[in-house]
2 protein chains.
Amino acid sequence: MYAIAIHGGAGDLPRRMLSGERAALYRDGLASALDSGYEVLERGGSSLDAVTAAVGVLEDNPLFNAGRGAALTCEGAVELDAAVMEGRQQRAGAVAAVRHVKSPIELARRVMEKSRHVLLVGAGAEEFALEEGLALVPNAYFRTPERRAELDALRGGRAASQLVPSPQGTVGAVARDAAGNLAAATSTGGVANKRTGRVGDSPIIGAGTYARNGACAVSATGRGEHFMRIVAAHHLCAAVEYRGLALQEAMRETLARLGELGGSGGLIAVDAAGRIAMDFTTEGMFRGARDSAGLRQIAL
Amino acid sequence: MYAIAIHGGAGDLPRRMLSGERAALYRDGLASALDSGYEVLERGGSSLDAVTAAVGVLEDNPLFNAGRGAALTCEGAVELDAAVMEGRQQRAGAVAAVRHVKSPIELARRVMEKSRHVLLVGAGAEEFALEEGLALVPNAYFRTPERRAELDALRGGRAASQLVPSPQGTVGAVARDAAGNLAAATSTGGVANKRTGRVGDSPIIGAGTYARNGACAVSATGRGEHFMRIVAAHHLCAAVEYRGLALQEAMRETLARLGELGGSGGLIAVDAAGRIAMDFTTEGMFRGARDSAGLRQIAL
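About the thresholds
- Residues numbered from 1 in each chain as written.
- Chains lettered and ligands numbered in written order.
- Predicted model: local features only at pLDDT ≥ 70, side-chain atom pairs only at ≥ 80, totals over all residues.
- Heavy atoms only, no water.
- Contact = heavy atoms within 4.5 Å.
- Salt bridge = Lys/Arg side-chain N within 4 Å of Asp/Glu carboxyl O.
- Polar contact = N/O pair within 3.5 Å; in protein donor to acceptor, adjacent residues only side chain to side chain.
- Helix = DSSP H or I, 4+ residues; strand = E, 2+ residues; numbered from the N terminus.
- Nonpolar A, V, L, I, M, F, W, Y, C, P; charged D, E, K, R; others polar.
- Pairing = 2+ DSSP bridges.
- pLDDT = per-residue confidence, 0-100.
- Phe/Tyr/Trp six-rings, centres within 6.5 Å; stacked < 30°, edge-to-face > 60°.
- Buried < 20%, exposed > 50% of the residue type's maximum accessible area, 1.4 Å probe, protein only.
- Lys NZ or Arg CZ within 6 Å of the ring centre and 35° of its normal.
- Core = buried A, V, L, I, M, F, W, Y, C linked by side-chain atoms within 4.5 Å.

## Concerning the interface of chain A and chain B
Counting from both sides, the interface comprises 43 residues of chain A and, opposite them, 43 residues of chain B. Taken together, the links from chain A to chain B amount to 4 salt bridges. Where chain A touches chain B, the interface holds 25 residue pairs in polar contact (both at pLDDT 80 or more). Among the secondary structure elements, those contributing two or more residues to the side of chain A that touches chain B are strand S3 (92-98), strand S4 (119-121), helix H4 (122-131), strand S7 (198-199), helix H6 (224-230), helix H7 (232-243) and helix H8 (247-260) of chain A. In terms of residue class, the side of chain A that touches chain B is built from 19 nonpolar, 10 polar and 14 charged. As judged from the 2 bridges shared by S7(A) and strand S4 (residues 119-121) of chain B, these two strands associate in the antiparallel manner. When the bridges of S4(B) are listed, Val199(A) appears paired with Leu119(B).

In structure tokens, the structure reads:
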């Protein structure tokens with residue numbers, strides 16, 4: 001049994017704002033990422049390789065809020081965050097507030113595998129990227145006209161969802177491979193109009209990303225500050241490990257706690273048996289799931 | 001009932017390396033911080049004010065690895081991290097990789113109270129500090145000859161503990177006030193010889209710092225990467241809230257999980273009833289505790 005699930009952000013974008021053509025582009029983008037990750041699992045690859053591959057595809061797609069097409073800071077720049085974790089030894093790597101790294105998830109993985117650290121931020125993270133030979137690109141590579149319009153709308157006091165058909169969220173993936181190992185990965189541009197230097201839940205191990213064999217692997221999307229305050233991904237994982245809650249039940253309870261603080265968003269997770277759960281308290285969540293039992297689903 | 005506990009770092013510094021005179025200086029520093037926090041509680045102040053005050057005293061004391069006297073990066077600079085959280089509404093604020101903010105814990109508190117965000121890093125965090133009118137100082141303000149010697153020893157391949165009688169750790173405080181509200185605060189220069197941009201567990205809500213009324217408030221010290229991977233502070237808090245473990249038992253179990261990954265360190269916590277626990281798996285932990293029932297303890 002092997003399985004993968006992905007998300008491309010949760011938000012309150014009215015589904016009617018998504019035209020048929022645009023919805024088809026999002027579905028294509030999700031399908032491409034989902035299948036990239038699944039193919040890794042199918043040929044016997046690790047869950048770690050699968051989630052890295054799937055998230056990398058979404059980073060390169062300008063429709064999603066990660067890598068190219070990421071949301072803009074209040075100063076109109078892109079600052080990117082990402083994290084990856086594997087469940088067997090619970091190794092983890094993360095980066096935050098990087099401006100020139102083409103694939104933040106690839107850099108997060110290098111932090112995990114090649115450094116003594118878990119989290120590197122800012123210019124120090126980019127110094128490490130250069131040492132590792134990763135591609136750096138100008139900040140303008142990440143910026144799109146749609147994100148500029150979104151920022152202008154927000155700074156003009158208008159609700160961006162009325163104007164720009166972009167989900168606010170983050171991208172992520174969780175997987176279980178045939179060997180039973182779990183992994184999770186998340187990548188984001190963060191919330192539009194954020195302060196320079198703001199870091200959300202995505203690169204925070206335990207908040208937006210977590211994996212532990214025997215329990216589950218989790219990736220979150222939504223307003224990051226609330227996920228950080230309840231340590232959402234670890235809360236879900238601990239509920240499965242220690243309280244014996246089924247994955248879906250643990251997820252509902254985590255989203256309910258988020259709601260107690262006034263937060264909303266979505267979660268995807270896979271448990272030790274390869275069961276997938278995907279749930280959200282926003283109007284929608286771009287998501288997909290595929291497993292070796294024949295499931296293949298894409299939904300907005 | 002009100003209570004406060006503090007730590008000034010955990011490490012494997014042989015206690016015999018601490019001369020009587022130097023040990024007395026550490027005891028004085030801890031006592032000064034402990035009493036500053038306790039006095040806030042005694043005059044009816046909040047646990048949030050108490051932990052901020054105690055940690056601020058330790059930041060200003062060059063004997064401890066936070067604020068002035070912090071450990072140096074591999075490039076010989078100081079980069080500081082801090083976080084604060086209150087347990088009633090579970091609001092939190094944190095900063096990481098700041099180089100010029102005299103009191104990182106004060107800035108973390110401003111992030112909690114004055115921004116829409118939980119975590120700000122680097123130059124963006126310092127921009128916010130300037131907007132808030134906080135004092136900025138040259139990086140040299142934080143650097144001490146002892147820390148330079150420590151870095152030189154580490155970069156020369158020698159164990160710093162053989163040469164420099166400085167604990168590797170972090171400072172922190174937890175408190176319960178008379179109103180029953182919990183709070184936690186942590187501040188650090190991180191691990192000596194760290195990469196530029198490395199962020200440890202201290203400013204990560206759930207890893208090095210956590211508070212939730214009805215459960216407990218926690219601050220951690222030790223090799224941060226391991227605390228991040230097990231989400232130590234939240235793990236402890238969830239064990240108290242959901243598994244009904246007593247505070248001391250939950251703490252031992254959290255340190256045992258840390259040990260499974262090869263990590264070591266210390267934790268301090270206070271529960272909803274004002275009971276204090278302080279434990280560590282290193283050779284020592286600088287610590288202190290005081291409560292309204294008459295306890296007053298300082299230990300190295």
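## Overview of the confidence of the model for chain A
Where the model shows low pLDDT, its predicted coordinates should not be examined in detail. Chain-level pLDDT for chain A is 94 on average; 95% of the residues reach the 70-or-more range. Interface scoring of the predicted complex returns ipTM 0.96; its pTM is 0.96.

## Let's talk about the packing of aromatic side chains
A complete count under the given rule lists 8 aromatic pairs over all chains for this structure. Relative to Tyr38(A), the ring of Tyr2(A) has its centre 5.6 Å away and its plane inclined at 40 degrees; by these criteria the two rings are tilted. Of the two residues, Tyr2(A) sits in the segment before strand S1 (3-11) while Tyr38(A) sits in helix H1 (residues 20-42), which places them 36 residues apart along the sequence. The two residues Tyr2(A) and Tyr38(A) agree in class, both being buried. A ring pair is formed by Tyr141(B) and Phe142(B), whose centres lie 5.1 Å apart and whose planes are at 75 degrees; its orientation type is edge-to-face. Classification of Tyr141(B) by relative accessible area gives partly exposed; the value is 24%. Relative accessible area serves as the criterion here: at 0%, Phe142(B) is assigned to the buried category. In this structure an aromatic cluster arises from ring pairing among Tyr26(A), Phe64(A) and Phe286(A). The cationic tip of Arg243(A) hangs over the ring face of Tyr242(B); the distance from NZ or CZ to the ring centre is 3.7 Å.

## Here's the deal with the nonpolar core
Membership of the largest hydrophobic core comes to 102 residues, with the highest contact counts inside it found for Leu119(A), Leu236(A), Leu267(A), Leu119(B), Leu236(B) and Leu267(B). In contact with Leu267(A), other than residues within four places in its own chain, are Val218(A), Ser219(A), Ala220(A), Phe227(A), Leu236(A), Met251(A), Thr254(A), Leu255(A), Ala277(A), Met278(A), Asp279(A) and Met285(A).

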